[in-house]
Amino acid sequence: MDNKQNNNNMMQNAMNTANQGGNNLMQTARNAVNRITNAGRGQFNEQEKQAAQQAIQSAYANSSPEEKQQLQQLEQQLKRHNEM
C-alpha cells in the first residue's frame, strides 16, 4: 500500500471513529492533527486537513471544559501547520 493510500485509510478511520462519539473523539482529533503536523510539508491534501478539522469539531460536542481547551490547542496547532 502506498503512502497516500495509507494516509487516506487513516483519515477515513479517523472520520468513522469521530462519528462513534465518546472519548474516541478526542483521541481521533489528536491522531488526525498529529499525523498532519508530524508529516512533511505538502504530504497531506486539503481534504485530509478538512477531515482533521472535522474530527476536532465533532469532539467538541461531548467534551469537558478541559477537553475543549485541548481541542482549541489542536486547532491552533493545525492552523500554524497550514500557514507554513
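Data block above holds the structure.
In this text, all values refer to a predicted model and were calculated from it rather than measured experimentally. (Residues numbered from 1 in each chain as written. Predicted model: local features only at pLDDT ≥ 70, side-chain atom pairs only at ≥ 80, totals over all residues. Heavy atoms only, no water.)

Engineer: Explain the overall build of the protein chain residue by residue, including any values.
Structural biologist: Secondary structure assignment for the protein chain yields four helices and zero strands. Here the protein chain holds 84 residues, and the buried ones make up 36% of them. For the protein chain, long-range pairs separated by at least 24 residues make up 62% of all intrachain contacts whose partners lie at least 6 apart in sequence. Of the roughly 5300 Å² of accessible surface on the protein chain, 40% is carried by carbon and sulfur atoms. (Helix = DSSP H or I, 4+ residues; strand = E, 2+ residues; numbered from the N terminus. Buried < 20%, exposed > 50% of the residue type's maximum accessible area, 1.4 Å probe, protein only. Contact = heavy atoms within 4.5 Å. Areas by Shrake-Rupley, 256 points an atom, 1.4 Å probe, with all protein chains shown as cover.)

Engineer: Explain the environment of valine 33 to me, using residue names and the numbers behind them.
Structural biologist: Turning to its location among the elements, valine 33 is positioned in helix α2 (residues 24-38). On the basis of relative accessible area, valine 33 is assigned to the buried category, the value being 0%. Once residues lying within four places of it in the same chain are set aside, the contact partners of valine 33 are Ile56, Leu74, Gln77 and Leu78.

In short, geometric facts, not functional conclusions.
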